[in-house]
Amino acid sequence: MLQLSRKQAGWAAVAGALAAAYMVVRTKTKQAEAENPPAGQFVTVDGVKLHYLQRGAGPVVVLLHGNGATSQDFELSGLIDMLARDHTVIAFDRPGFGYSDRPRSTIWTPAEQATLLAGALKTLQVDQAIVLGHSWGTLVALAMAVDNPALVRGLVLMGGYYYPSPRADAVLMSGPAIPVVGDVMRFTVSPLLSRLLWPGLVKKMFSPRPVADSFERWPKWLSLRPSQLRASSAEAVMMIPGAASLRHRYPEITMPVTIFSGDGDKMVNHEHNAERLHRELLQSQLHTVQDAGHMLHYVAQDEIVRAVRDIAEGRPRMAFQQTTHPLDVDNEQPRVLH
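Keep in mind the model is a prediction, meaning the values are calculated, not measured.

Participant: Is there a simple way to think about the overall build of the protein in this case?
Facilitator: Across its full length, the protein carries twelve helices and ten strands. Out of the 338 residues belonging to the protein, those deemed buried represent 52%. Of the roughly 15,300 Å² of accessible surface on the protein, a fraction of 57% belongs to carbon and sulfur atoms.

Listed below in structure tokens is the structure:
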């Protein structure tokens, strides 16, 4: 009887801790949403509401963020404003991130997201666009290129994961995606644990460079909301099969492709991904940014804007074989691709 009482007391303590965690997460979520309301517009496609930012005028450039991020990532990096000087910039919150829906009835593979976003662009009366993707967003960009080549004028890929390989983070981040148990976790302990791990993860993403000053304004608790943690977890689990499903279709890509990679990237291996994709896509160019990590849009903005402009203006494609720095590109010896 005493042992039973101890068990009951233990379960009561766990329930109390979970309840307290739930209240903290709920309060932080409401506060984050109140302080960071939707900054853009909404478009609904097949019953899915997508949030997006639109700015500028000219040839259309579509921006697709990475896992765990939102369109605000491109805002804080300055890339939206820089591109908007000469282009119409449309930066989506991908399904489940920011203020975009992610219905649980759909498995949101790169191909599914590409189809949804292509529908959104059609609704917005966009016939053709240059598509720029970062990290997980590169898989969606590549899926758009192979499934809807008439829509994609060219690709700019940054810090992408293109070929399947073992990923410990896919296992570590899978918890909130598990049915029932994951639902309990993401409304209680997962956001709190993620907040503790946040500084280390951000440092790793920017390493070997320091974290950008502008990124310090990132609304952390907006990314730690239960809904977004579920999306992040699902995409971590889907990363390997997502790359595996696309890798054999890369030869179908015929439009210009510019690949950006940091030689110090600690999230994806430069040689296994960027260099390999560059070798496979003969019409591509590779910019390897020295002493840079995963967050290339915070350190190589000028080169990224130039790559977009080159595609928009149909300039000859230049493939840089040597490691380049954003300020030293003109000193390299390129080969011209016809």
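Next comes the rest of the write-up.
Participant: I would appreciate a short explanation of the sheet that holds strand S7 (residues 257-262) in the present structure.
Facilitator: In a beta sheet, neighbouring strands are held together by backbone hydrogen bonds and run either parallel or antiparallel to one another. Strand order across the open sheet formed by eight strands is S1-S2-S4-S3-S5-S6-S7-S8, with mixed pairing between neighbours. Among the strands making up the open sheet, the edge pair consists of strand S1 (41-45) and strand S8 (284-289). Direction aside, the axes of adjacent strands within the sheet are offset by 25° on average. Here helix H4 (residues 110-123) sits on the sheet and contacts S1, strand S2 (48-55), strand S3 (60-64) and strand S4 (88-92); the angle it forms with S1, its principal contact strand, is near 115°. Most of the contacts of helix H12 (residues 301-313) go to strand S6 (residues 152-158), to which it runs at about 165°, and overall it touches S3, strand S5 (129-134), S6, S7 and S8.

Participant: Please explain the pairing of S8 as it appears in this structure.
Facilitator: Within a regular strand, the side chains alternate between the two sheet faces. With respect to burial, S8 is a largely interior element, six of its six residues being buried. Along S8, one buried face is formed by Ser284, Leu286 and Thr288 and the opposite face, lined by Gln285, His287 and Val289, is buried too. Judged from the six bridges that link them, S7 and S8 form a sheet pairing that is parallel. The residue bridging Val257 from the neighbouring strand is Ser284, located in S8. For the crossover from S7 across helix H11 (residues 270-280) to S8, the handedness is right-handed.

Participant: Help me understand the pattern of salt bridges, please; the structure alone is not making it clear to me.
Facilitator: Any two side chains of opposite charge can pair, on the condition that their charged atoms come close. This structure, assessed with the given rule, holds nine salt bridges. Here Glu235 ties to Arg94 by a salt bridge, and the two come within 2.8 Å at their closest N and O atoms. Of this pair, Glu235 sits in helix H10 (residues 226-246) while Arg94 sits in the loop between S4 and H4, placing them 141 residues apart in sequence. For Glu235, a relative accessible area of 0% corresponds to the buried category.

Participant: Would you mind going over the side chain of His294 with me for this structure?
Facilitator: Along the chain, the position of His294 falls in the loop between S8 and H12. Of note is the side chain of His294, whose polar atom sits 2.9 Å from the side chain of Asp265. If we skip the residues at most four places from it in the chain, His294 touches His134, Ser135, Gly159, Met205, Ser207, Asp265, Met267 and Val268.

Participant: I tried to follow H11 on my own but got confused; where do I start?
Facilitator: Think of an α-helix as 3.6 residues a turn; residues three or four steps apart then line up on the same face. If you check which residues of H11 are buried, you get His270, Asn273, Ala274, Leu277 and His278. Projected down its long axis, H11 shows its buried positions confined to an angular sector of 115°, all on one face. Two or three places before Glu271, at the start of H11, stands the capping residue Asn269, its side-chain oxygen 3.1 Å from that residue's backbone nitrogen.

Participant: How do you make sense of a nonpolar patch on the surface when you look at a structure like this?
Facilitator: A surface patch of nonpolar side chains, about 410 Å² in accessible area, is lined by Val189, Leu193, Leu196 and Leu197. You can see Leu193 is positioned in helix H8 (residues 189-206).

Participant: Help me understand the nonpolar core, please; the structure alone is not making it clear to me.
Facilitator: A general feature of soluble globular proteins is that nonpolar side chains tend to end up buried together. Leu64, Phe92, Leu155, Tyr250 and Ile253 are the most contacted members of the largest nonpolar core, which totals 50 residues. Leave out the neighbours within four places in its chain, and Leu155 touches Val131, Ala141, Leu142, Ala145, Ile253, Met255, Pro256, Val257, Thr258 and Ile311. Membership of the second largest hydrophobic core comes to 26 residues, among which are Ala84, Val156, Met158 and Ala307.

Participant: Just checking my understanding: could you explain the pairing of S7 for this structure?
Facilitator: Where burial is concerned, most of S7 is hidden: six out of the six residues are buried. Residues Val257, Ile259 and Ser261 of S7 are buried on one face, and the alternating residues Thr258, Phe260 and Gly262, pointing to the opposite face, are buried as well. The pairing of S6 with S7 spans four bridges and is classified as parallel. If you follow Leu157 over to S7, its bridge partner there is Ile259.

Participant: Just checking my understanding: could you explain the packing of H4 against helix H5 (residues 136-147) for this structure?
Facilitator: A packed helix pair is summarised by two numbers, namely the angle formed by the two axes and the spacing between the axes. Orientation of H4 relative to H5, taken along the N-to-C sense of each, is 70°, at an axis distance of 8 Å. The pairing of H4 with H5 is recorded here as roughly perpendicular in orientation. When the axes of H4 and H5 are compared, the crossing they make is right-handed. Across the interface between the two elements, Pro110, Ala111, Gln113, Ala114, Leu117, Ala118 and Leu121 from H4 touch Trp136, Leu139, Val140, Ala143, Met144 and Asp147 from H5. Taken together, the residues that form the contact of H4 with H5 break down as eleven nonpolar, one polar and one charged.

Participant: Honestly, the packing of aromatic side chains in this entry has me stumped. Any pointers?
Facilitator: Aromatic ring pairs are defined here through the distance separating the ring centres and the angle between the ring planes. For the coordinates displayed, the defined rule picks out six aromatic pairs. With a centroid separation of 5.3 Å and an interplanar angle of 65°, the aromatic rings of Phe206 and Tyr298 are classed as edge-to-face. In this pair, Phe206 is assigned in helix H8 and Tyr298 in the loop between S8 and H12, connecting sequence segments 92 residues apart. In this pair, the class of Phe206 matches that of Tyr298, namely buried. Taking the centre distance of 5.9 Å and the plane angle of 80° together, the rings of Phe215 and Tyr298 count as edge-to-face. Of this pair, Phe215 sits in the loop between H8 and helix H9 (220-223) while Tyr298 sits in the loop between S8 and H12; the two residues are 83 residues apart in sequence, bridging distant segments of the chain. Connected via pairs of aromatic rings, a cluster forms that spans Phe206, Phe215, Trp218 and Tyr298. Above the face of the Phe42 ring, Lys49 is positioned so that its terminal group lies 4.9 Å from the ring centre. Across from the ring centre of Tyr163, 4.0 Å away, lies the NZ or CZ of Arg276, which sits over that ring.

What counts and how
Residues numbered from 1 in each chain as written. Predicted model: local features only at pLDDT ≥ 70, side-chain atom pairs only at ≥ 80, totals over all residues. Heavy atoms only, no water. Helix = DSSP H or I, 4+ residues; strand = E, 2+ residues; numbered from the N terminus. Buried < 20%, exposed > 50% of the residue type's maximum accessible area, 1.4 Å probe, protein only. Areas by Shrake-Rupley, 256 points an atom, 1.4 Å probe, with all protein chains shown as cover. Pairing = 2+ DSSP bridges. Axes fitted to C-alpha atoms, helices over the stretch in contact; angles between N-to-C directions. Contact = heavy atoms within 4.5 Å. Right-handed = clockwise from strand over helix to strand, strands pointing away. Salt bridge = Lys/Arg side-chain N within 4 Å of Asp/Glu carboxyl O. Polar contact = N/O pair within 3.5 Å; in protein donor to acceptor, adjacent residues only side chain to side chain. Arc of directions from axis to C-beta. Patch = residues over 30% accessible without salt bridge, like charges linked within 9 Å, V, L, I, M, F, W, Y side chains within 5 Å. Core = buried A, V, L, I, M, F, W, Y, C linked by side-chain atoms within 4.5 Å. Parallel < 35°, antiparallel > 145°, perpendicular 65-115°, else oblique. Left-handed = near helix turned anticlockwise from the far one by under 90°. Nonpolar A, V, L, I, M, F, W, Y, C, P; charged D, E, K, R; others polar. Phe/Tyr/Trp six-rings, centres within 6.5 Å; stacked < 30°, edge-to-face > 60°. Lys NZ or Arg CZ within 6 Å of the ring centre and 35° of its normal.

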